[in-house]
Amino acid sequence: KAGVTQTPRYLIKTRGQQVTLSCSPISGHRSVSWYQQTPGQGLQFLFEYFSETQRNKGNFPGRFSGRQFSNSRSEMNVSTLELGDSALYLCASSFAVFRGSYEQYFGPGTRLTVT
Amino acid sequence: GQQVMQIPQYQHVQEGEDFTTYCNSSTTLSNIQWYKQRPGGHPVFLIQLVKSGEVKKQKRLTFQFGEAKKNSSLHITATQTTDVGTYFCAGKIQGAQKLVFGQGTRLTINP
């Protein structure tokens, strides 16, 4: 079974630009979560999508948005980039989040650098 | 807000020494998961604990879930260089549908 894939793996943008990151979950997984990882803040939860609906949202400004498609693939968008948005963005998929086992399988991440 | 605190933030040990990281939640958890992230890698799921007082072992790793389901620990016996990485706990807050990650404990080992 193929793992979680994220594209692109590396990205360099300038302040004020916008960026779209993509995540393809493991086949059969319907839940996709996004995290921002920085050395100082650890893993910060951005949002989670299940069956094309955003079910949970972290404490990030509205510049961060996401969506999920009918095939469970997900995208996240960051508009008006700031230097502080430089981070590793991780996507994680899981089979179910409601109950029972729902371990998350992480992708390799997209390393975003904002200059 | 709902938080999961993890200590210590960093731990450096000599190879062969034991290592423990602790996770504490301000609220009761439905379950807790542990992940390991190697340097330059992404978090990889290790285990999930669900029951109060549960203890699980994976070779040299022992995971415990507290009786009150508010704390957890990961203990590694006789560390090896392959244990290097950052260990995260992630708790599912009771009644909520999201995981809250601890800040992680970064383990480095002197061979």
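In this report, the structure presented in the accompanying data block is examined.

This part covers the pairing of strand β8 (residues 71-76) of chain B. Residues and elements named next belong to chain B. With six bridges joining them, strand β3 (residues 19-25) and β8 adopt antiparallel strand pairing. Looking at the pairing, Phe-19 lines up with Ile-76 of β8. The sheet contact formed by strand β7 (residues 61-65) and β8 spans five bridges and is antiparallel. Counted as the bridge partner of Phe-65 is Ser-72 from β8. Connecting the antiparallel pair β7 and β8 is a turn made up of five residues, with Lys-69 showing a positive phi of about 55°.

Time to look at the sheet that holds strand β1 (residues 5-7) of chain A. All names here are of chain A. Read from one edge to the other, the open sheet built from four strands follows the order β1-β3-β8-β7, with strand pairing classed as antiparallel. Edge positions in the open sheet fall to β1 and β7 (64-68), since each of these has one partner strand only. Averaged over all adjacent pairs, the angle separating strand axes in this sheet is 20°, with direction ignored. The pairing of strand β3 (residues 19-24) with strand β8 (residues 74-78) spans five bridges and is classified as antiparallel. Across the sheet, the residue bridging to Leu-21 is Met-76, located in β8.

This part covers the environment of His-75 of chain B. All names here are of chain B. With respect to the element layout, His-75 can be found in strand β8. For the pair formed by His-75 and Gln-64, sequence separation is 11 residues and the distance between their alpha carbons is 8.5 Å. Once residues lying within four places of it in the same chain are set aside, the contact partners of His-75 are Asp-18, Phe-19, Thr-20, Arg-60, Leu-61 and Thr-62. Separated by 3.5 Å, the side chain of His-75 and the backbone oxygen of Phe-19 make a polar contact.

A few words now on the interface of chain A and chain B. Listed by partner, the interface residues are 19 residues for chain A and 14 residues for chain B. The three residues of chain A that bury the most area against chain B are Leu-43, Tyr-102 and Phe-106 of chain A, which together make up 34% of that side's buried surface. Where chain A meets chain B, there are three residue pairs in polar contact (both at pLDDT 80 or more). Elements with a contribution of two residues or more to the side of chain A that touches chain B: β4 (31-38), β5 (42-50) and β6 (53-57) of chain A. Broken down by class, the residue content of the side of chain A that touches chain B amounts to nine nonpolar, six polar and four charged.

Procedures and definitions
- Residues numbered from 1 in each chain as written.
- Chains lettered and ligands numbered in written order.
- Predicted model: local features only at pLDDT ≥ 70, side-chain atom pairs only at ≥ 80, totals over all residues.
- Heavy atoms only, no water.
- Pairing = 2+ DSSP bridges.
- Helix = DSSP H or I, 4+ residues; strand = E, 2+ residues; numbered from the N terminus.
- Axes fitted to C-alpha atoms, helices over the stretch in contact; angles between N-to-C directions.
- Contact = heavy atoms within 4.5 Å.
- Polar contact = N/O pair within 3.5 Å; in protein donor to acceptor, adjacent residues only side chain to side chain.
- Buried area = accessible area lost by both parts, 1.4 Å probe.
- Nonpolar A, V, L, I, M, F, W, Y, C, P; charged D, E, K, R; others polar.

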